[in-house]
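Summary of structural features
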Amino acid sequence: MAKLIKGFHHVSLKTCEQAEYETTIHFYRDILGMDVIRTWNNGSFIMLNAGNAIVEIANNADTDLPQGAVRHFAFETESVDDCVAVMRAEGYPITVEPRNVDLAPDPEHPYPARIAFCIGPVGEEIEFFQPLS
């Protein structure tokens, strides 16, 4: 079988309110010293450089999430579609079909990617992430 995964891309944390969001950013950016890579959605999403992966913090959870603060983890891949095909063939549910997104809809700093989500064997949410630039 071909190797589908290149490595971790990011871990996504979700917060439920502005104070929690700011405290979480403060922890990762100011205490642990992670540099900001990008923000989007009027500052309600931020990506921080964790060395060999990214910590993504989102301020858009309406309530506490059943999977806890860690919303999902993302594997970087060269083909989201191939990953989805394998997951589907193995019987794992696809929760977000492959689609193209722009995570930083700023014309000067675009960040296009192809993404899809599935549920793993113990209920974990997995994103397949393919940078397009």
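The model shown is predicted, which means the values in this text are computed figures rather than measured ones.

1. Quick look at the sheet that holds strand β6 (residues 94–102)
In space, the 8 strands of this open sheet follow the order β2-β3-β4-β1-β5-β8-β7-β6, with mixed pairing throughout. This sheet does not close on itself; its edge strands, each paired only once, are β2 (36–40) and β6. Adjacent strand axes in the sheet meet at a mean angle of 20° when their direction is disregarded. Pairing geometry for β6 and strand β7 (residues 112–119), over 6 bridges, is antiparallel. Bridge pairing in β7 links Val96 to Phe117. Against the sheet, helix α1 (residues 18–31) makes contact with β1 (5–14), β2, β3 (45–49) and β4 (54–58), and its axis sits at roughly 165° relative to β4, the strand it touches most. The sheet strands contacting helix α2 (residues 80–89) are β1, β5 (70–77), β6, β7 and β8 (125–131), and the helix crosses β6 at an angle near 175°.

2. Some remarks on α2
Taken together, the buried positions of α2 are Val80, Cys83, Val84 and Met87. Projected down its long axis, α2 shows its buried positions confined to an angular sector of 95°, all on one face. Where α2 is buried, its residues meet β1, β5, β6, β7 and β8. Phi turns positive, to about 90°, at Gly91, one or two residues after α2.

Parameters at a glance
- Residues numbered from 1 in each chain as written.
- Predicted model: local features only at pLDDT ≥ 70, side-chain atom pairs only at ≥ 80, totals over all residues.
- Heavy atoms only, no water.
- Pairing = 2+ DSSP bridges.
- Helix = DSSP H or I, 4+ residues; strand = E, 2+ residues; numbered from the N terminus.
- Axes fitted to C-alpha atoms, helices over the stretch in contact; angles between N-to-C directions.
- Contact = heavy atoms within 4.5 Å.
- Buried < 20%, exposed > 50% of the residue type's maximum accessible area, 1.4 Å probe, protein only.
- Arc of directions from axis to C-beta.

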